Amino acid sequence: MKKRIFVLLLTLFAFSSVFGLITQAKNADKMLMTDANGEASNSLDRKVVSTETKKGKKSRTIELQRFYLEVTDGSAAATPVPLPNCDYTIHLAKGDRETFLDNGVTNDKGEITGLAFKDIPLTGASLKIRYSLGNEQRGYVQKYDKKPYSFVFTLRLGNENTINYSDDQVQFGKEKAEETFFYNFQAARINYYFDQGLGWHSEAVKKVNQLFPDTTEFEVKPININFEKGQYLDESNAFSRNGHDGSGVPDIVVGDRSDKIFDTNYLMHNVMHEWTHWTMYEAFEMPSGDYDSHYGTNDDPQISYKEGWALFVGDVFADIDSLKADDMLVQKDNEKGVNRLYGKSTNLTVQHVLYDLYDAGSNDEAFSISERFLDDALSEDEVKQLNFGLLSAAMIESRATTLQEFLTYLEDKYVITRSDKEKFAQVLKINGLSRNGKFSLNSDEGSPKGE
Ligand SMILES: [Zn+2]
């Protein structure tokens, strides 16, 4: 009985895929139990009679040249994302049996390439390709039961012996649970931006390591990101040094949102923002601490420093244009006649000092941390990438916990000539810092800061 239903559903499935309707799994795969968070499937081709069957062969070798998926939730506004640097396993499925074929990690683009599988039945077989969102080097996007999101794609084999398959509209979810498609897609996006962010970051640091042999090589330890429907609803995203549940394992939480709006910039910024907190803690046990707002004065300059760094990394990755547009924010802030940022210990003041060290070709100061050391003509973007890498490496090397300590370290190491020192002093001045890098003002408007 069960078998008959399966065959019937397979027939229905084949019928619908003739008309190009389906990549989303329905009932067809119920025979193979899986604890995946989402499933999807497709058939490779629809020819019924294998030429090899006629020749009397019993099995064959299948070459998997390329297998590539992009995940979406099917909504009109969705930009599908690939599954880069994700753990995968491949099983052969025939009837209710599964046989392990291979496992590995998808490449930077999200592809599985260059595999060959022997002893594949001529008919009636499928490949089950299971993905986890993440890998052991980077960490995983997971649910609060600490299990990584896992998606399974069933590829029904036809009589072609090579697989070159790509599908940019795959919806992973569970039937009759429409929201699973949405949340699985958001999890895939978090995974994708996290992977992109780390790739972008390590690329900049690698370039700097090549150019400056004294700079530290930046090792990224893995961290897991928790995300799930209804969890931490409308709460701030967070890095927790003891884990969100106090388990002692550091992790990141991305909260669910009741408006269900997860803008790309928002996700990109927040993933790298919290990752920067993790990096500072992991590398030199940067102290934690709460703040009221990015404009508020923090009595403890360590809070401004760690938040300023997280804001800086998040925005350079996610939204460099808004940072560029706000280049003069510290000088120009005006809230009822009071400048909340200039010279004060705030998150935004630190972010914008870092931005001034990073940018090249800006209007208000002429300093750029790496330019003294560049012997080739580089584009502005290349210079900024080096600046970012240099600042990031110095953040780790210096073990600074305040902006002043960081600026002192930078000046000692990279600001050598008289003209560079003048330009560096200008960066401090336009942000209201003392020549020694200290915030010059208290939270009360304009009053000089006592020692
Ligand atoms: Zn933060």
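On a predicted model such as this, the values are computed, not experimentally measured, just so you know.

Caption draft 1: Structural view of the overall build of the chain. Regarding its fold elements, the chain presents 11 helices and 14 strands. Burial statistics for the chain: of 451 residues in total, 40% are counted as buried. In the chain, of all internal contacts separated by at least 6 residues, the share reaching a separation of at least 24 is 70%.

Caption draft 2: Local environment of the sheet that holds strand β7 (residues 125–132). Spatial ordering of the open sheet is given by β1-β10-β7-β4-β5, a layout of five strands whose pairing is mixed. Two strands lie at the open edges of the sheet, namely β1 (38–43) and β5 (97–105), each paired on one side alone. The mean angle between the axes of side-by-side strands here comes to 20°, regardless of whether they run parallel or antiparallel. Sheet analysis places β7 next to strand β10 (residues 150–156), joined by seven bridges and oriented antiparallel.

Caption draft 3: Structural view of the sheet that holds strand β12 (residues 224–226). Read from one edge to the other, the open sheet built from five strands follows the order β8-β9-β12-β14-β13, with strand pairing classed as mixed. One side of each edge strand has no neighbouring strand; the edge strands of this open sheet are β8 (134–135) and β13 (238–240). With respect to the sheet, helix α3 (residues 178–211) is in contact with β8, β9 (139–142) and β12, its orientation differing from that of β9 by roughly 160°. With respect to the sheet, helix α4 (residues 264–284) is in contact with β12, β13 and β14 (251–253), its orientation differing from that of β13 by roughly 25°.

Caption draft 4: How the structure looks around the packing of α3 against helix α9 (residues 380–398). Look at α3 against α9: their axes get within 8 Å of each other, and the N-to-C directions meet at 85°. Judged by the inter-axis angle, α3 sits roughly perpendicular to α9. Each of H201, A204, V205, K207, V208 and L211 in α3 lies in contact with α9, whose residues at this interface are Q385, L386, F388, G389, L390, S392 and A393. Here the residues of the contact of α3 with α9 sort into eight nonpolar, four polar and one charged.

Caption draft 5: Main features of the nonpolar core. Judged by nonpolar contacts, the single largest core of 96 residues is most densely connected at I190, V271, L354 and L391. The leading source of residues in this core is α3, at 12 residues. Not counting the four nearest positions on each side in its chain, L354 is found in contact with G308, W309, F312 and L391.

Caption draft 6: Region of interest: the packing of helix α5 (residues 301–318) against helix α8 (residues 347–358). Across the interface, α5 lies against α8 with an axial gap of 7 Å and an inter-helix angle of 55°. As the angle between them shows, α5 and α8 are arranged oblique. For α5 against α8, the interelement crossing comes out right-handed. Between α5, through S304, Y305, E307, G308, W309, L311, F312 and V316, and α8, the contact on the second element is made entirely by N347, T349, V350, Q351, L354, Y355 and Y358. Residue classes in the contact of α5 with α8 are distributed as nine nonpolar, five polar and one charged.

Caption draft 7: Geometry of the environment of I252. Note on placement: I252 falls in strand β14. A residue is classified by how many C-beta atoms lie within 10 Å of it, and I252, with 26 of them, is buried. Along the sequence, I252 and V141 sit 111 residues apart, while their C-alpha atoms lie 9.4 Å from each other. Among residues more than four places away in sequence, those in contact with I252 are I223, I225, N226, F239, E274 and W278.

Caption draft 8: Region of the structure containing the environment of P121. Mapped onto the elements of the fold, P121 is located in strand β6 (residues 111–121). In the structure, P121 is positioned 28 residues away from A93 in sequence and 9.9 Å away in space, judged by C-alpha atoms. When residues no more than four places from it in sequence are discounted, the contact partners of P121 are S59 and K94.

Caption draft 9: How the structure looks around the confidence of the model for the chain. Confidence in the prediction for the chain averages 88 pLDDT; 88% of positions are at 70 or higher. Residue range residues 1–33 is modelled with pLDDT below 50. Its contacts to residues more than four positions away, or to other chains, number 36 contacts.

Caption draft 10: Quick look at unusual backbone geometry. Positive phi outside glycine occurs at K176, with the angle close to 65°. Within the secondary structure layout, K176 lies in the loop between β11 (162–170) and α3. Judged by the 7 C-beta atoms lying within 10 Å of it, K176 falls in the exposed class. At K336, a residue that is not glycine, the phi angle is positive and equals roughly 50°. Within the secondary structure, K336 is located in the loop between α7 (329–332) and α8.

Caption draft 11: α8, seen in detail. Here α8 spans 17 Å end to end across 12 residues, near enough to the 16 Å set by a 1.5 Å rise per residue. Among the 12 residues of α8, 12 are classified as buried, and the element is accordingly described as predominantly covered. Those residues of α8 that are buried lie in contact with α5, α6 (320–325), α7, α9, α10 (403–414) and α11 (418–430).

Caption draft 12: Representation of the environment of V249 in the model. Structurally, V249 is set in the loop between β13 and β14. V249 gets classed as partly exposed once you count the C-beta atoms within 10 Å, which come to 14. Linking V249 and N224, residues 25 residues apart in sequence, is a C-alpha distance of 9.3 Å.

Criteria and cut-off values
- Residues numbered from 1 in each chain as written.
- Predicted model: local features only at pLDDT ≥ 70, side-chain atom pairs only at ≥ 80, totals over all residues.
- Helix = DSSP H or I, 4+ residues; strand = E, 2+ residues; numbered from the N terminus.
- Buried ≥ 20, exposed ≤ 12 C-beta atoms within 10 Å, placed from the backbone.
- Contact = placed C-beta atoms within 7 Å.
- Pairing = 2+ DSSP bridges.
- Axes fitted to C-alpha atoms, helices over the stretch in contact; angles between N-to-C directions.
- Parallel < 35°, antiparallel > 145°, perpendicular 65-115°, else oblique.
- Nonpolar A, V, L, I, M, F, W, Y, C, P; charged D, E, K, R; others polar.
- Core = buried A, V, L, I, M, F, W, Y, C linked by C-beta atoms within 7 Å.
- Left-handed = near helix turned anticlockwise from the far one by under 90°.
- pLDDT = per-residue confidence, 0-100.
- Expected span 1.5 Å × (residues − 1).

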